[in-house]
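Secondary and tertiary structure notes
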Amino acid sequence: MTAEALEPMVHPAVEAGFELAVTGRHLQTDSIVSITLSDPSGMRLPSYVAGSHLVVQYGDCANLRANAYSLTGSGNDPAEYTISVLLVEDGAGGSLAMHQLAVGDRVRVSRPRSNFAPTANAKHSLLIAAGIGITPVLSHARYAAEWGTSASMIYVYRHGQGAHVDEARDLLGEALTECHDRNSFQKVLTEQLITQHLGTHLYVCGPADFMDSVLEQARDLGWPEGLLHLEHFGAGELDAGEPFAAILTRSGVRLEVPAGVSLLEALERQGKQIPNMCRKGICGECTVPVLRGTPHHRDIYLSDEEKEENALMMCCVSRSVDQELELDL
């Protein structure tokens, strides 16, 4: 048997969802659990770019739902995926389902996807995280350590509520600044924003208000928009939207989509089988091709460039700017 034959095979499901087994579970804090997922047959998993997320399905067949969780590894030739999940007591149940997982349980996941990747030509990466927002930022820190690129981190968390703190300390050493209250964080942030060298890119993840505040201050201090990057946890609450008509060109069908009904739901009612997982504009499974009209993009999956092209849309959350939208369906 050759040496190559002894190497674990890479999982073939690079472009589709696949099933993984829970092989590890570790409490980071009393409200944050880290979960390790591996292929049941021992195959290596698809590599991913730092800052990627994974959509994990939960619930029974009658009420199958999904949430996105950031991967905390570097993404380089992984044998396992690790996510960390904050328990949200008044949420929709996804975080509770994740916290109830035990070693040996199996879940279906999407392929990894990122809109928060490291910039290849960055001279330095300033990583800023609050609370559970450490997860994609930690992935960036691992990437920087593996590839020898320059990075520093500001991590703000309540005493006793910090996840992955020891890992961040090991990866960054003195380049990690820990803050435990708003005032100390604000002082550190201001100092670092005004002392960065040219070519520094800023990456921030945390609650929406926290990210908005960080980015607003950076802009006020003259940071160009192209150097600012953020990672949303989801598409957020969406309004009902305006009604529109979807013209299904290949089917010869005109489909009315009322306010409060998603295009995906309208297509399903018409008998169309549209692949989907998250139904939140995160995973990218429900992509449909657009032939005419302007989509109202409300997802966080497509890149800014893809949204400007208006050739694709996520039918689970996105709607139409125009009264009619022609689809290649």
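Above this text is the structure in question.
As the structure is a computational prediction, the values presented were derived from the model and not from experiment. (Residues numbered from 1 in each chain as written. Predicted model: local features only at pLDDT ≥ 70, side-chain atom pairs only at ≥ 80, totals over all residues. Heavy atoms only, no water.)

Moving on, we come to the overall build of the protein chain. In terms of helices and strands, the protein chain carries eight helices and 18 strands. On C-alpha atoms alone, the protein chain measures out to a radius of gyration of 21 Å, which is about the 20 Å that the 2.2 N^0.38 rule sets for 329 residues. The principal-axis extent of the C-alpha atoms belonging to the protein chain is close to 65 × 60 × 45 Å. Looking at the protein chain as a whole, 50% of its 329 residues are labelled buried. Of all intrachain contacts in the protein chain linking residues separated by at least 6 positions in sequence, the fraction that spans at least 24 positions is 67%. (Helix = DSSP H or I, 4+ residues; strand = E, 2+ residues; numbered from the N terminus. Rg over C-alpha atoms; globule rule 2.2 N^0.38 Å. Buried < 20%, exposed > 50% of the residue type's maximum accessible area, 1.4 Å probe, protein only. Contact = heavy atoms within 4.5 Å.)

Where helix 5 (residues 182-195) contacts helix 6 (residues 208-220), the two axes come as close as 10 Å, and the packing angle between them is 35°. For the crossing formed where helix 5 meets helix 6, the hand is right-handed. When helix 5 is examined against helix 6, the residues Phe-185, Gln-186, Leu-189, Thr-190 and Leu-193 are found in contact with a partner set consisting of Phe-210, Val-214, Gln-217 and Ala-218. For the contact of helix 5 with helix 6, a count of residues per class yields six nonpolar, three polar and no charged. (Axes fitted to C-alpha atoms, helices over the stretch in contact; angles between N-to-C directions. Left-handed = near helix turned anticlockwise from the far one by under 90°. Nonpolar A, V, L, I, M, F, W, Y, C, P; charged D, E, K, R; others polar.)

Turning to the sheet that holds strand 8 (residues 151-156), a few remarks are in order. Spatially, 9-8-7-10-11 is the arrangement adopted by the five strands of the open sheet, whose pairing is parallel. If you trace the sheet from one side to the other, it starts and ends with strand 9 (176-179) and strand 11 (228-231), each paired once. Averaged over all neighbouring strand pairs, the angle between strand axes comes to 15°, with direction disregarded. Relative to strand 11, strand 10 (residues 200-205) is paired through four bridges, and the arrangement is parallel. From the neighbouring strand, Tyr-203 faces strand 11, where its bridge partner is His-229. Its contacts with the sheet put helix 6 on strand 7 (124-130), strand 8, strand 10 and strand 11, and the angle it makes with strand 10 is roughly 160°. (Pairing = 2+ DSSP bridges.)

As a further point, take unusual backbone geometry. Note on backbone geometry: most residues besides glycine have negative phi, and most peptide bonds are trans. Phi at Asp-77 takes a positive value of approximately 50°, unusual for a residue other than glycine. Residue placement: Asp-77 occurs in the loop between strand 4 (65-70) and strand 5 (81-86). Even without being glycine, His-164 reaches a positive phi, approximately 60°. By the element assignment, His-164 lies in the loop between strand 8 and helix 4 (165-172). Look at His-164 and you get buried, because its relative accessible area is 3%.

Turning our attention to the sheet that holds strand 16 (residues 312-314). Ordered in space as 13-12-18-14-16, the five strands form an open sheet in which the pairing is mixed. With partners counted over all chains shown, the strands left at the sheet margins are strand 13 (253-257) and strand 16, one partner each. When strand polarity is set aside, the average angle formed by the axes of neighbouring strands in this sheet is 40°. Strand direction decides the pairing type here: strand 12 (residues 244-248) and strand 13, joined by five bridges, are antiparallel. Note that in strand 13 the partner of Leu-248 across the bridge is Val-253.

Let us look at helix 4. Of the residues making up helix 4, those classed as buried are Val-165, Ala-168 and Leu-172. Taken down its axis, helix 4 places every buried residue within 60° of arc, on the same side. Set apart from the buried face of helix 4 by more than 90 degrees, the exposed residues are Asp-166 and Asp-170. The secondary structure elements touched by the buried residues of helix 4 are helix 3 (134-147), strand 8 and strand 9. One or two steps after helix 4, the chain reaches Gly-173, where phi turns positive at roughly 60°. (Arc of directions from axis to C-beta.)

Any pair of aromatic rings gets described here by the distance separating the centres and the angle formed by the planes. Under the defined criterion, the tally for this structure stands at five aromatic pairs. For the ring pair Phe-116 and Tyr-203, a centre distance of 5.8 Å and an interplane angle of 85° mean the geometry is edge-to-face. Of this pair, Phe-116 sits in the loop between strand 6 (106-109) and strand 7 while Tyr-203 sits in strand 10, and the two are 87 residues apart along the sequence. Take Phe-116 and Tyr-203: they sit in the same class, and that class is buried. One Lys or Arg, Arg-113, reaches over the ring of Tyr-301 and ends 3.8 Å from the middle of that ring. (Phe/Tyr/Trp six-rings, centres within 6.5 Å; stacked < 30°, edge-to-face > 60°. Lys NZ or Arg CZ within 6 Å of the ring centre and 35° of its normal.)

It is worth spelling out the environment of Glu-308 at this point. Along the chain, Glu-308 falls in helix 8 (residues 304-309). A residue is classified by how much of its surface remains accessible, and Glu-308, at 64% relative accessible area, is exposed. Put simply, Glu-308 and Thr-294 are 14 residues apart on the chain and 9.5 Å apart in space, counted from C-alpha to C-alpha.

The subject of this paragraph is the nonpolar core. One finds Ala-246, Leu-263, Leu-267, Met-313, Cys-315 and Leu-327 to be the most contacted residues of the largest nonpolar core, which totals 24 residues. Elements represented by at least two residues in this core include exactly strand 12, strand 13, helix 7 (263-269), strand 14 (287-292), strand 16 and strand 18 (324-327). Dropping the residues within four chain positions of it, Cys-315 is found in contact with Ser-262, Leu-263, Leu-264, Leu-267, Ile-274, Cys-286 and Val-288. (Core = buried A, V, L, I, M, F, W, Y, C linked by side-chain atoms within 4.5 Å.)

Among the surface-exposed residues, Asp-209, Asp-212, Glu-216 and Asp-220 lie close enough to one another that they form a single negatively charged patch. The residue Asp-220 is located in helix 6 in this model. (Patch = residues over 30% accessible without salt bridge, like charges linked within 9 Å, V, L, I, M, F, W, Y side chains within 5 Å. Areas by Shrake-Rupley, 256 points an atom, 1.4 Å probe, with all protein chains shown as cover. Salt bridge = Lys/Arg side-chain N within 4 Å of Asp/Glu carboxyl O. Lys, Arg positive; Asp, Glu negative; His and termini not counted. Charge placed at Lys NZ, Arg CZ, Asp CG, Glu CD.)

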